[in-house]
Structures are given as C-alpha cells and as structure tokens.
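Results of the structural survey
Okay, here's what each chain looks like letter by letter:
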Amino acid sequence: MEASTGLFAATHDNNDLVVIQGHNEPRPVKNLDGQLCEICGDLVGLTVDGDLFVACEECGFPVCRPCYEYERREGTQVCPQCHTRYKRIKGSPRVEGDEDEDDVDDIEHEFKMLEEKEELRQRKKSSGYDNENAKSASLAKVKGELPVSTYHEPGYEKFADKERADDWKLNQGNLWPETEATVDPEKAIKDESRQPLSRKVAIPSGRLSPYRMMVAARLVILLLFFQYRIFHPVPEAIGLWFTSVVCEIWLALSWLVDQLPKWFPIDRQTYIDRLSIRFEPEDKPNMLSPIDIFVTTVDPTKEPPLVTANTVLSILALDYPVDKISCYVSDDGASMLTFEALQETAEFARKWVPFCRKYSAEPRSPEKYFSEKIDYIKDKLQTTYVKERRIMKREYEEFKVRINALVAKSMRVPAEGWTMKDETPWPGNNTNDHPSMIQVLIARGGGHHPDQLPCLVYISREKRPAFQHHNKAGAINALLRVSAVLSNAPFVLNLDCNHYVNNSKVVREAMCFFMDIQLGNGIGFVQFPLRFDSLDRNDRYANKNTVLFDINLRCLDGIQGPAYVGSGCIFSRKAIYGLEPPKVSKPPRIVQVHSKQDENEEEDAGIIEEDKQLLKSEMNFENRFQKSHFANSSSTEEGGVDASSGQAALLKEAIHVMSCKYEDRTLWGYEVGMSYGSIAADTLTSFKLHSRGWESVYCMPKRAAFRGTAPINLTDRLNQVLRWAVGSLEILFSRHCPLWYGFNEGKLKTLQRVAYINSTVYPFSSIPLLIYCLIPAICLLTDKFITPSVGTFASLVFISLFITIFASAILELRWSGVSLEEWWRNQQFWVIGSVSAHMFAVVHSLMKALPLVRSNINFITVSKAPDEGQFHQLYTIKWTALLIPPTTIIIINLIGIVAGFTDAINSGGHSWGALLGKLFFSLWVIVHLYPFLKGLMGRQNRTPTLIVIWSVLLASIFSLVWVRIDPFVLKTKGPDAKQCGISC
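All of the points below concern the structure found in this document. Worth saying up front: this structure is predicted, and the values here are computed from it rather than measured. (Residues numbered from 1 in each chain as written. Predicted model: local features only at pLDDT ≥ 70, side-chain atom pairs only at ≥ 80, totals over all residues. Heavy atoms only, no water.)

1. Some words on the pattern of salt bridges
Oppositely charged side chains can form a pair if their charged atoms are brought close together. Put simply, the rule is: Any carboxyl oxygen of Asp or Glu within 4 Å of a side-chain nitrogen of Lys or Arg constitutes a salt bridge here.
Taken as a whole, this structure holds 28 salt bridges when the rule is applied. When salt bridges with common partners are traced through the structure, they connect E280, D319, K505 and R508 into a single cluster.

Rendered as structure tokens:
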C-alpha cells in the first residue's frame, strides 16, 4: 500500500473502511465503494479522477453524485445526517453560497457556457456532435456517476412528451424556460425518482405567529385574573367564591394542557408521481408493497349489510395493483346475513371494479357514486360511458334488491336455526358459542388480467362463553394472524364497516411515507382524517369532529405524530407486532486500523454481538407468537407467504390462529397487536407504539380519504361520547397511565406525553364545569355573587381576558381553516357532553375503583345505518339517564332568571346593575346547552325552540311585573296601616 493513499479507519456500526484524502487534518470518510446511496439506492460510484466519491467529508454519509448535485441545486444544500453544508466537489458546478477554495477550483467544469455556445454553433453546421466531443463525453462517464451537463438545472431537461414535462416542472413549483441545449429524455425522470416522496409543509408564519402571541397574552392575563380572584374574596359569599375559584383554576389548567401540544402544527405533501416512477417502472415487475385491508362488523341490524358491501366494493376498486391487495372482512356476530351479503358483493364486484378502473370513477362506493348529483357526461371522452353507466346503475339497483331480500329473510329466524344452501346447519346459529369460520370469496389470481380482482376473505373467529374476546381489539388481532397466514402484507389498513374509501389513491398516499428510504423505517402508522355523510346541515351535535381532525391531530403531527382514532389508519406490521423501530444511525467514530488482524477482530466482535441479539430474540419469539406457521411468516422482513404451502394447509392454520386458546401464554393484546385492557383500545395502542419510539404521520389529501356515517341521534351520540370517556379513564387508572408509563425509556416526547395525559384526564373537567353551570342560577336565587364590586383594574382584566379568549379562537380558526360555526358547535357539545356523558364516566370509574362497589355499563353498538327520510333519527327521543343532568341545569337556570327578575322588581332600580352580570353567566349556560334543548323539543315543523324559551321567560317576567303593578286595585294615599298600628 502506498504511503500517500491516506488514513484508513473502521466505521462504528460495521466493518466498512473510512478513507481521508486531500486534507491536512484527518477527517472520517466512509469507503463507499460498493455501498448504496441512502437516498436513491444506486451505487455511490467514483469521482472524475477515479477516487471514491464522498459527498460529505464530515460524516461520510453515502450519497451518489446525482443526489448530491440535486440537493445542492434544489434542496437545502446540507448533509441529511450531520446537517453540514455540502462543499463543492471537483466536477460539480458552483451554486449560490459556495466559497472560493483553492483545493476544489475546477474552472473547466465550473464555466461551461462558452463551450455550450460553441457547441450550439457547431450543431447548426452539422446535425450531430463531432467524434472528438462524443469521445470526450463518453470518457467523462464513470461508475455510478452521470455526465456533467451544462446548466445542471432541472427545467433545462425535458421529456420527450412536452405535456408530461410541463406537468413535472409545475410539480416542482417552477416552470423553467426551454432551451436548445442537449437534452436527456430520461434524466429528468431519474432525478425525479431520487427525490423524497413526501415533505413537511410549515404553516405560514403570518398565520401561526399571531396565534402564538395571542395564546401567550391570554396566559399572562389569566395570571392577572387569578391574582385578582384569589386576593379579593367575597366575605358574604365565601363558599360560592371559593368553589368558583377552584373550578376556574381547574378549567384554566385543562386549557393549558390542551394548548401545549398545539404549538407546532404542520401540513404534509405527498408526491404520488414520484412513487410511481420509482416503484412502477415500465417493463419491470411492480415493486409497490402489498397491503392487507381489514373490515370489522358485528351486528347486521345496526350495521346494515348494504353499508358493509359498499365499503368492501370501494376497497376492491382501489387504484392499486390488484395482486397486492387482500381484503379481510371480520364478522364478529357470526351472522349468516353478512356472509350471504358478501357472497352477493363478490359477484357484483366482477362488474363494478372493471367499470371503476375503465372510467376512473370517484368515489368508488356505488351508493355514493350514483347518488351524487353531478353532470356525469361532462369531461367524459369515451362515447360508451353514458351507456355503460346506465347499465351499471341498473345492475346496482338489482344488487340492492337482492341484499334487501336477504335482510327481509333474516327477520324471520327459523326455530331450528339457519341452514345454508346445501342444507348444512349454519355454524354461527349461537353467536356466543361457535367455531371459527373462513371462506375465500375471491381467490388471488396469478396473472395481470384487466378484470382480475383483489383477494376477498370472510372470517368469523371462534367464540366460547368461558373466554374473553375483547370486542373490536380481539377481532383485529385475529385478522392480523389470519392475514399473516394467507397473504402477510407488510402493511395493514383498518376500516370500520361504515367507512368507505372516498379517494382511490389513498394507499398510494400512505406508501409515500412508508416506502420513503429516509423516513419510512421509523413510521409506525399513517392516520387519515375521517369525514362523514348524512349529517344534518347545522351539525347540531358536532358529529364532524372538525376540531379534532383539523386542529388537534395536525398539531400532534408536528411532535411525534397523531393518535390512532379507530379507523382509517394504515399500520406497519412490524410496529403492530410490538417490535422496536430501527435505531437511527449515528455518525461513525474514527477508529484507526493498524493491521488486517485488528480489522478481523472487530468483525468477529460484531458477529458475536449479532448472534447474542439473535438468540435473545428467538427466546422471546415463542412468548409472542407461539410456534406455528404464522410465527414463521411473522419473522419475514418484507412479508409474503411460503409459495410451497398448499391452500388447505394455509386455511387449516388460519382456523388455528383464530381459536380462543391461541392467545393463551402469549403477549397478544399486551405487547403484540391491538392492546387489551380498555374500551379505548385505539388510544392505548397508539400510546404504546409512540412509547416504543415509533412515529406516526397525519395525511390529509385534498380529496378526503375516507367517508362514513355518524350517529345523529342525541342519545346515540351521548352513548358514543360516554364510551370514549370510560375508555380514557380506564387507561388513566391502569398500569399504562401516561403520567409514568414508558418514562424511563425516554422514547416518548414530552409534548406527546402531555397530549396523551390530556386525552385521559379530560373527563374530570366535567366536575368543575357542572358546578360552574349551576353557580349562575345559585347566584340569582340567593342574590349573591362570586366577585366583589369590580374596580377599574379588574374591569380591564376581565375585558382583556374575554378579548384574548375570542381572539385566540379566531386566530386558531384562521391557520387551521375550520369555520366559526364548526368551532362553536364543538364548544356547545363539549359542554353538553361534559355535564352528561363525562360526568357519568367519572362516577362509573370511581365506583369501579372501590373494592366493594360494582359498576357496569353495557355499551351497545351505535347504529351505523344511513338515515332514511329527512333526518328522522335527528328528532327521535330515546330516553336515557344521560339526559337528566343537562335538563336539570337548564331548568334551574330558567328558574334563576325568573327569580332574579322578581327580586330586581321588588328591590327597585339600584339592583338592576348587579342583575345584569348574573344574567350574563346564566344565559351563557343556556346558550351552550341550546342544541340539547332543541333536541328535546322535537321536530322542526313544530314551534321553534327559541320562541318557546323566550315565550316562557317573557310570560313569567310580565306576570311578575303585572302582579307588582296591580292596575285593577285602587291605591289609597296615606300611611301604611300595618306599619303605623292602631294608635297611629
């Protein structure tokens, strides 16, 4: 070895060598010969001098020359690993910000404009390059390196198709002028394929900064407010004063805990075109990752088969390679109606799916597609579209008739139970005691026929009375195991049966994150917002949850990622199996290698350490999965099943992994799969994934990914909120409490932990809120108030507090895009839900914690059927105990208002000023509970609720005034006989 070769060192993580060249001080540089670029996956290659190409001399992060030049030209100009600014390497053009360095000056490569003009002049004389220039150009190409072009601008390279070139340029955010310079039709596509598949988009500072400033101002004014409230008690109403101050402090703390995770909201942008260029090359096998899609259903009476069928049809028609999609429907109610409806769905899918692919139909749920009132003839170039659409609509109407006939048939249950077409008794006649069932309704095809369909499988796991089945979480875990046996895709999508696919490219949107070379390995799941149909125009009970989906989850995406909300989420199978995320590679340490023996010793040490880790993982593997074919498929890195296994053997194994006993003596439900122990299994699962170090992503495509139905009945809505609150408190009182769980590992970020704490303690805010809703009525009835006489300073503090409250809300709506009406509906239902469902959840959890008290709440499946008629369910009153607290609060406040007016009339004009403050708080309560009161009043065609309320109030006040004046009684002048007595 020559002395001038340089200093060699070993890398920290493996046995690759590091070479340092051309610098007075030694710097670690990886030996990239044979290594792959961490951005595009190509070989790193050599420089123009034949040396190893090293983009960053600080850390040696492997990057090839094309990615290096693109990053300097279009990107941030820094190394992705150590964030050191890239220096110009010989053979690369200068960019803005480069410093003059003697050791990298390369005039012949830096200024090529004169040479380009001369070349263009020569091209005018001849039709091509001369032989000498062609020879020099060919010699310039080296391994892993593209020839140095003239301008090195992406806009100066165009595709053969001009329209495609313009689209590509516009996607980059800039339409460059065309040039007559030499072009490479494939270079632009190659550059495009190397770029990230997604990026974070910061909220404009002009919208976010005023919001942050207003929140800070609100916090300061809150401190001044509490300084005044604490040091200015009310002696004549010390009980009311103390209670109100405690409630105000609790509500302020809950606001602060809710506000902290909202400090870093972001948006994300995906590049589906880059995904297609990189993983769907022409004349090559498709490299997109397979995906398993789960649909869960329980009760066909609450979850109509037609709704489930539309969800399944929208999945089968996804814009994704059909051989990479597998749909699994879990029927946890073992209903023969669901099974037969899916058989009809499989038959109709053979007509519906090709139609959607041929005409790019959106959405691909037939019920929604045919119900949209649009001009379907507009912008359709195919002459056969109108005819085929009419035929398909007729086919769908016939399909609906068959489904409805099955539903009507299921209403009359035979005494001996249901039997199938072959006179075999239906195994699920007893829904609580039946064996496992599975049937492949659409088998996976082996070719690429245009009419080929994705795989569709019906399953119903075993149910036995002696076993816990863990509701939806247990059903999803069974789906995980069955899918691992039959298809074993590396990613899984979970959908409720009433959430259809509204955007056929939704899987591609998620793959832009999972298949990104730099970010994909650390992403545990991608959550999409849920949108809802069939809601009333005013969204009376805040069913859209816009504040949650458009504000809270976007803010969490700027920390460690959003929480899993139960549906519309794509998981990495490795993450849901409880595995740890891959460790982030650190910059290599400089280790000098003095001899080949030292190098071999380090290699042996690395092999021994890997063997120890492998042995440790094998010992823990049986505890996680048991020894089975499923366990073997679970250990594969990229998914897939053994091709040598026969279908009969696979189905037998699928039946086995669905059995009740399979999870015994394993970590299923605790460290593997969906987590047990809480009704809110979605929140608990995402919390444990984030605690292990996984990150999640919130993807909000322009076209909503999923749409579904939501309960618009008041009772169903309150029961839904009650279930969420009980689940949150179960997490709080369990060993997975966010206050301390995973604290030692340090993988959960602080603000992310604060967000999970807020998601579990929020039901306790119902106690101070309930008390605060009663305080105005108590003040009116007792003629007391919670504050003393207000001076100038206190008035300014109170006014400033109200201004900052409304201003911060308006600025939050400004950067989030949420409408004022949606925000106000959310505020109203927060009060309604807190004083009813949240209060019951707190009482239930406290009683459950006591050893001598047993408290059970039976949760029923919320109806997910689309509302028939003009919002019939909206006006249906289903009595429940949850309606008692809000009704009581409204009545007490109405009585307080009447009593306040009575006292003011009897006391004279000096008491009207104090009455106004009390009336303001009492009306504040009634206005927030107005949607609840409107729900109790019934249909809209009756007397409007507002008129009824004001009629009662005005009639009461007018009656009191009338009695006080008493115009029909003649008033005599003189002293009052009662005061003067007989001797007057």
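Don't stop here, the text continues.
2. Describing unusual backbone geometry
To be explicit about the condition: Put simply, DSSP marks the helices as runs of H or I at least four residues long and the strands as runs of E at least two long, and each gets a number from the N terminus on. Three labels apply to residues, based on accessible area from a 1.4 Å probe with only protein chains included: buried if under 20% of the type maximum, exposed if over 50%, partly exposed otherwise in between.
At the junction of E362 and P363, the peptide bond is cis and its omega measures out at -10° in the coordinates. Relative to the elements of secondary structure, P363 occurs in the loop between helix 11 (336-359) and helix 12 (366-371). Unlike most non-glycine residues, N488 shows phi in positive territory, near 55°. With respect to the element layout, N488 can be found in the loop between helix 14 (471-486) and strand 9 (491-496). Residue class for N488 comes out buried when judged on its relative accessible area of 2%.

3. A word on the packing of aromatic side chains
Note the threshold: Paired rings are identified among Phe, Tyr and Trp, the last through its six-membered ring, by centres lying within 6.5 Å, and are further divided according to the angle between planes into stacked (under 30 degrees), edge-to-face (over 60) and tilted (the rest).
Tallied over the full model, the rule gives 35 aromatic pairs. Ring plane angle 15° and centroid distance 4.8 Å describe the contact between F348 and F399, whose orientation is recorded as stacked. Placement of F348 in helix 11 and of F399 in helix 13 (residues 385-410) is noted, with a sequence separation of 51 residues between them. Each of the two residues, F348 as well as F399, counts as buried. Consider the rings of F733 and F764, whose centres lie 6.3 Å apart with planes at 85°: the pair is edge-to-face. Here the residue F733 occupies a position in the loop between helix 22 (714-732) and helix 23 (750-761), and F764 occupies one in the loop between helix 23 and helix 24 (766-782), the gap between them amounting to 31 residues. Looking at F733, the relative accessible area reads 48%, which means it is partly exposed.

4. Side note on the pairing of strand 9
Defined as follows: Criterion used throughout: strands pair if DSSP finds at least two bridges between them.
Judged by how many residues are buried, strand 9 sits mostly within the fold: six of six residues are covered. Side chains F491, L493 and L495 project from strand 9 onto one buried face, and the interleaved V492, N494 and D496 project onto a second face that is buried too. Here strand 5 (residues 291-297) pairs with strand 9 via six bridges, running parallel. Within strand 9, the position partnered with V295 by the bridge is L495. Bridging between strand 9 and strand 13 (residues 569-572) involves four bridges; their strand directions are antiparallel. Residue pairing in the sheet places L493 in a bridge with I570 of strand 13.

5. Examining the sheet that holds strand 16 (residues 706-709)
Note the threshold: Here an axis means a line fitted to C-alpha atoms, over the contact stretch when the element is a helix, while the angle between two N-to-C directions is reported on a 0 to 180 degree scale.
Spatial ordering of the open sheet is given by 10-16-12, a layout of three strands whose pairing is mixed. With one partner strand each, in any of the chains shown, strand 10 (499-501) and strand 12 (530-533) form the two edges of the open sheet. On average, adjacent strands in this sheet sit at an angle of 35° to one another, irrespective of strand direction. As defined by bridge partners, strand 10 adjoins strand 16 across three bridges and the pair is classed as antiparallel. Among the inter-strand pairings, Y500 is bridged to a residue of strand 16, identified as R707.

6. Section: the sheet that holds strand 15 (residues 695-698)
Quick reminder of the rule: In what follows, residue pairs with any heavy atoms lying within 4.5 Å of each other are defined as contacts.
In space, the eight strands of this open sheet follow the order 7-8-6-5-9-13-11-15, with mixed pairing throughout. Edge strands, defined here as strands with exactly one partner in the open sheet, are strand 7 (437-442) and strand 15. If you compare each strand with its neighbour and ignore which way they point, the axes differ by 20° on average. Relative to strand 15, strand 11 (residues 523-527) is paired through four bridges, and the arrangement is parallel. In the sheet register, I523 faces strand 15, and the bridge partner there is E695. Sheet strands in contact with helix 14 are strand 5, strand 6 (325-331), strand 7, strand 8 (455-460) and strand 9, and its direction is about 145° off that of strand 5. Across the sheet, helix 21 (residues 681-691) is in contact with strand 11, strand 13 and strand 15; its angle to strand 11 comes to roughly 145°.

7. Focus on a nonpolar patch on the surface
Which entries qualify depends on this criterion: A residue counts toward a patch only above 30% relative accessible area and without a salt bridge, and it is joined to like-charged neighbours within 9 Å or, for Val, Leu, Ile, Met, Phe, Trp and Tyr, to nonpolar neighbours within 5 Å. Areas reported as accessible are Shrake-Rupley estimates using a 1.4 Å probe. Residue values count occlusion only from the protein chains shown.
The grouping of I230, F231, I249 and L253 at the surface amounts to a nonpolar patch, some 380 Å² of accessible area in total. With respect to the helices and strands, I230 occurs in helix 7 (residues 205-231).

8. Observations regarding the packing of helix 27 (residues 884-907) against helix 29 (residues 930-937)
Worth spelling out the cut-off: Note on terminology: angles under 35 degrees are roughly parallel, angles over 145 are roughly antiparallel, angles of 65 to 115 are roughly perpendicular, and the others are oblique. Residue polarity follows a fixed list, in which Ala, Val, Leu, Ile, Met, Phe, Trp, Tyr, Cys and Pro are nonpolar, Asp, Glu, Lys and Arg are charged, and the others, Gly among them, are polar.
Viewed as axis vectors pointing N to C, helix 27 and helix 29 meet at an angle of 105°, and their least axial separation amounts to 10 Å. Between helix 27 and helix 29, the interaxial angle falls into the category roughly perpendicular. On the side of helix 27, the interface is formed by P886, T887 and I890, while helix 29 contributes F932, L933 and L936. In the contact of helix 27 with helix 29, the residues fall into five nonpolar, one polar and no charged.

9. Focus on the environment of L548
Mapped onto the secondary structure, L548 falls in helix 16 (residues 546-557). Here L548 falls in the partly exposed class, since its relative accessible area comes to 32%. For the pair L548 and P529, spaced 19 residues apart in sequence, the C-alpha separation works out to 9.1 Å.

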